[in-house]
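Examination of the molecular architecture
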Amino acid sequence: MQYHFNDIEAKWQKYWAENQTFKASNNSDKPKYYVLDMFPYPSGAGLHVGHPLGYIASDIYARYKRHKGFNVLHPQGYDSFGLPAEQYAIQTGQHPAITTETNIKTYRRQLDQIGFSFDWSREVRTSTPEYYKWTQWIFIQLFVSWYNNDSNKAEEISTLVAKFSAEGNANVNAVCDDNIESFSAEQWNAFDSKKQQEILLHYRLTYLAETEVNWCPALGTVLANDEIVNGVSERGGHPVMRKKMTQWSMRISAYAERLLQGLDTIDWTDSLKESQRNWIGKSVGASVTFNVIPNVTLSAVEESLKIDVFTTRPDTIFGVSFMTLAPEHDLVSKITTPEQKTEVEAYILATAKRSERDRMADVKTISGAFTGAYAEHPFSKEPIPIWIGDYVLAGYGTGAVMSVPCGDQRDYDFAKHFNIAIPNVFEGADISEEAFASKDNVVIANSDFLNGMNYKKASKRAIYDLEQMGQGEGKTNYRLRDAVFSRQRYWGEPFPVYYVNGMPQMIEKAHLPITLPEVEKYLPTETGEPPLGRADVWAWDTNTNTVVPNVNLSAVEGEDNGIYLLELNTMPGWAGSSWYFFSYMEEKAKRGEDFASQDALNYWENVDLYIGGSEHATGHLLYSRFWTKFLKDRAFVGVDEPFKKLINQGMILGTSAFIYREDGTNTYLSKGLVKDKKVAPIHVKVQYVNASDELNIEDLKNDAEFGADYKDAEFILEDGVYKVGREVEKMSKSKYNVVSPDAICEQYGADSLRLYEMFLGPLEQAKPWNTAGITGVHGFLKKLWKLYVGEAGVIVNDATPTKDNLKTLHKTIKKVQEDIENFSFNTSVSTFMIAVNELTAQKCTSKAILEPLLVLLSPYAPHITEELFSQLGNEGSIATAPFPIFEASHLVESSKNYPISFNGKMRFTLELPMDMSKDEIEKTVMAHEKTIAQLEGRTPKKVIVVPGKIVNIVG
């Protein structure tokens, strides 16, 4: 009987689907375990062999936990909103829903053929109305919530309204916008509805505000910071500029401290935690107010303008020699003098073309402009020039800094470049070449009443005096900014929002979801509105609570017919992914009045093991933690953190192939002929290159996509073949180094693919793919098959296992269990190979050994083990068979093969019982015929016996 892996794998994949083998229960006596992968975006290219790495690892662990008696939830779905489908729709006119559905079918087929133990009864697709209904609902809950610093949690907005009605806002301790005017209860109750709504927007956890955003003209949308790489959009590499727009934002800053503290309670890698800590960026220092000195530019109303800054070094306040504002700061246009206006406006325009990340990363370029205005030093009362510089960002802190060049390198470089004074406030510090940034062993000098103090004392004293003057206070600041939540695109969740007199109104839960309307084109309108501005049916009728045509909007000013325009923006890609793990807790068929039943939420709680990429550290993973904490505050879920344990899988790299075109010609040189010649390396598809790095030139010339480029090309060969160059790079369609799992499964089988991906190296590390290497694990599976099946059929019997059989099995149980628990899957594969080699050499046919071996291997190679388990006469699936129990007694040696040495040189070995005493060992060795022959009648000077190790006869 041959190992027909294709037939076996198809058979068991069908069995699992028909019998719902991996369906989890929300009501089980078993302990629960929730294993989750970061769900994929279903692209048109489908999966390549790099994508399944994390899925295989999580699947091994999920299967292992089932063997260990757990009720395992291991779901899968699709993050199916996003830019790629929309960009394809713009190019082809095809609706994104159609291409997304096509892509999902491809992904599902590929995932099934790799043999994952997913519970598909809980599938999630973020782009389906029945799912994004609940994303819209969560948005509404954020809108009707505020953050109460006194209770340290989010509360329903009605509790805030009650406070305003009873006592005004003077004593309200909330996370809110800055510079909110105080009002009494009487004033609040006298405000009209619109005024009250405007005030509440300053407190809501999701709110409308004019914000500095990353605008990408080519994509027609705002991008989050984590969607920008090296100053251009991650998707497509398009330029990004800073622009002010009215946007929906999420007040994630309210949760900064809790997000920081929560990192101590979860089992994540140190590097990932550090990424989030740095992103949150907690700083302790002082808020300082500098008064702008009136000048001829300022009107009487503006003469009391102030600049608020945050500093972690209030001890250096006497070292301030200039102020620097972000070019986008609101004050810039108000304080710039006529003489400086042209220069300042030109600088602002140039800065707008640079992304925040680019500005932060560029420490070499020094640029700025003087506004012509001055601020007053709070203590010395000296005038301080106010500059603008792109190293200060509007969204960080207050968008302004008190520049202390003696203590900050960027301020120092700026001052040197523009010839600004650099006063030294550090006793004995040399600042002739660079700033002195240390807080240790600092003695403050040239600072009036702070002279002679160290960092801590000077900071406390400066803060105290600022507070007495009303020009500052001690403060804890966070780098974390509120997250922009609007996107100017079509293929995303519609907001459940309509506008009355410019004020946003939420649509009631009973009328959700608000589904995407049809549009003629997926581009912004000619007047710059988002694509939803093209919809003919996109207004909300409050009379019928339905979406109606836009033409029904009132055309007469002041008239109100109850029909209002809906929000034209859509939600960002991270909206649906911030809570999807809760949706999986309920079967699709049972999702109804809630995103998951309370019983399901209480049973599964949160994800026990989450596997995905580290690139999501400051995006998805941070937003998910934020939404979970909010949902906990409002008692919608019972947990404070979404993911208990998180593992980042490494990347499988592709081995690219290059041909070399000689400059100025249509001639391509084989790699060995390049030498010192000027050539351009060009990627070619790896499918046209064999394991010996030889290019199939005819296949390249016949390529449907690029073949025409090479029809008339001349290929210069070496030794009769064209050799390509090789380089390990990220596996990417653009580098033509993508290997499809379809071809691997067809040629070697899914079990070979699974084993090989694990065998490549530690899960967390990047490793190159080499298809030639898969033959080794495929050969192992053939050898495994032969251990169980002979030419006439199954050869396993009820033979009593030998001591060696038991030793091999139990050392394998011990090692594999340790490896799985430690996520060291690569070393398990080696262990399996050793076990099969040993059992083959032992001619083992014992079912007592070979059946448990199948259970050990089944998480890694589920198809072949299912088939062999069945062939041994078992009913049902191996998936729930108990994991073998390790018995240490089988690894305890009962005898020892002693090396017998004479004067330190080993002459022979002798197997003796391990429990022999030292005297008995010596007596037995000395009586042995080989010892007698070796001594030739001589009496040794001494006999050295180390029980369990050696015997050495001296003399």
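See the structure printed just above.
In this report, the structure presented in the accompanying data block is examined.

Ranked by internal contacts, the top residues of the largest apolar core, which has 104 residues, are F485 and F582. Ranked by the residues each element gives to this core, the list is headed by helix α5 (residues 129–143), at nine residues. In this structure, I8, V35, Y61 and L755 belong to the second largest nonpolar core, which totals 83 residues.

Under the definition given, this model contains 37 salt bridges. Here D608 ties to K32 by a salt bridge, and the two come within 2.8 Å at their closest N and O atoms. Remark: K32 occurs in strand β1 (residues 32–37) and D608 occurs in strand β24 (residues 607–612); sequence separation between them is 576 residues. For D608, a relative accessible area of 9% puts it in the buried group. Among the ionic contacts, a cluster of salt bridges with common partners joins R258, R625, K629, D633, D640 and E641.

Attention shifts here to the side chain of S403. Position of S403 among the secondary structure elements: in strand β16 (residues 400–403). Within the structure, the side chain of S403 is placed 2.8 Å from the side chain of T324, a separation counted as a polar contact. Residue contacts for S403: discarding those within four places in its chain leaves G319, V320, S321, F322, M323, T324, Y391 and D411.

Among the surface-exposed residues, I944, V946 and I950 lie close enough to one another that they form a single nonpolar patch of about 190 Å² accessible area. Considering the arrangement of structural elements, one finds I944 in strand β36 (residues 942–946). Assessed through its relative accessible area of 33%, I944 is described here as partly exposed.

Attention now moves to helix α14 (residues 409–418). Looking only at α14, the buried set comprises D411, Y412, F414 and A415. Looking straight down α14, one finds its buried side chains confined to an arc of 165°; they lie on one side. Buried residues belonging to α14 abut β13 (322–325), β15 (383–388) and β16. The opening residue of α14 is D408, an N-cap whose side-chain oxygen sits 3.0 Å from the backbone nitrogen of R410. Note on α14: the residue one or two positions beyond its end, N419, has a positive phi of about 60°.

So, about the side chain of S846. Mapped onto the secondary structure, S846 falls in the loop between α25 (825–841) and α26 (847–857). In this structure the side chain of S846 is engaged in a polar contact, spanning 2.8 Å, whose partner is the backbone oxygen of A799. If we ignore the near neighbours within four places in the chain, the residues touching S846 are V796, N797, A799, T800 and P801.

A word on the packing of helix α22 (residues 750–759) against helix α27 (residues 862–871). Each pair of packed helices gets described by two things: the angle between the helix axes and the distance between those axes. Relative to each other, α22 and α27 sit at 125°, their axes nearing to 7 Å. Between α22 and α27, the angle is such that the two are oblique. Residues A750, D751 and R754 of α22 form the contact with α27, whose participating residues are P862, H863 and I864. Looking at the contact of α22 with α27, its residues break down into three nonpolar, one polar and two charged.

This next bit is on the pairing of strand β19 (residues 497–500). The pairing of β19 with strand β20 (residues 503–506) spans four bridges and is classified as antiparallel. Its bridge partner lying in β20, V497 is registered against M506. Counting the residues that bridge the hairpin from β19 to β20 gives two residues, and of these N501 lies at a positive phi of roughly 55°.

Below, the discussion takes up the sheet that holds β36. Within a beta sheet, neighbouring strands are joined by backbone hydrogen bonds and run either parallel or antiparallel to one another. With mixed pairing, four strands are arranged side by side in an open sheet as β35-β34-β37-β36. The sheet terminates laterally at β35 (905–913) and β36, the two strands that pair on one side only. Within the sheet, the average angular offset between the axes of one strand and its neighbour, ignoring direction, is 20°. Relative to the sheet, helix α28 (residues 918–927) contacts β34 (895–902), β35, β36 and β37 (950–954), its axis offset from that of β36 by approximately 125°.

Our focus in this paragraph is the pairing of strand β14 (residues 369–376). Across the eight residues that make up β14, a large majority, six, are buried. Bridging between β14 and β15 involves five bridges; their strand directions are antiparallel. Along β15, the bridge assignment pairs A369 with I388. The antiparallel hairpin formed by β14 and β15 contains six residues in its connecting segment, where K381 sits at a positive phi of about 65°.

We describe a pair of aromatic rings using the distance from one ring centre to the other and the angle between the two ring planes. Throughout the structure, instances matching the rule amount to 71 aromatic pairs. Their ring planes at 65° and their centres at 5.3 Å tell us that F164 and Y203 sit as a pair that is edge-to-face. Residue F164 is located in helix α6 (residues 157–167), and its partner Y203 is located in the loop between α8 (193–201) and β6 (206–216); the two are separated by 39 residues in the primary sequence. Residues F164 and Y203 agree in their burial class; the two are buried. Aromatic side chains W248 and F495 sit 6.0 Å apart centroid to centroid with 20° between the ring planes, which places their arrangement in the stacked category. In this pair, W248 is assigned in strand β10 (residues 241–250) and F495 in the loop between β18 (483–484) and β19, connecting sequence segments 247 residues apart.

Cut-offs and rules
Residues numbered from 1 in each chain as written. Predicted model: local features only at pLDDT ≥ 70, side-chain atom pairs only at ≥ 80, totals over all residues. Heavy atoms only, no water. Core = buried A, V, L, I, M, F, W, Y, C linked by side-chain atoms within 4.5 Å. Buried < 20%, exposed > 50% of the residue type's maximum accessible area, 1.4 Å probe, protein only. Helix = DSSP H or I, 4+ residues; strand = E, 2+ residues; numbered from the N terminus. Salt bridge = Lys/Arg side-chain N within 4 Å of Asp/Glu carboxyl O. Polar contact = N/O pair within 3.5 Å; in protein donor to acceptor, adjacent residues only side chain to side chain. Contact = heavy atoms within 4.5 Å. Patch = residues over 30% accessible without salt bridge, like charges linked within 9 Å, V, L, I, M, F, W, Y side chains within 5 Å. Areas by Shrake-Rupley, 256 points an atom, 1.4 Å probe, with all protein chains shown as cover. Arc of directions from axis to C-beta. Axes fitted to C-alpha atoms, helices over the stretch in contact; angles between N-to-C directions. Parallel < 35°, antiparallel > 145°, perpendicular 65-115°, else oblique. Nonpolar A, V, L, I, M, F, W, Y, C, P; charged D, E, K, R; others polar. Pairing = 2+ DSSP bridges. Phe/Tyr/Trp six-rings, centres within 6.5 Å; stacked < 30°, edge-to-face > 60°.

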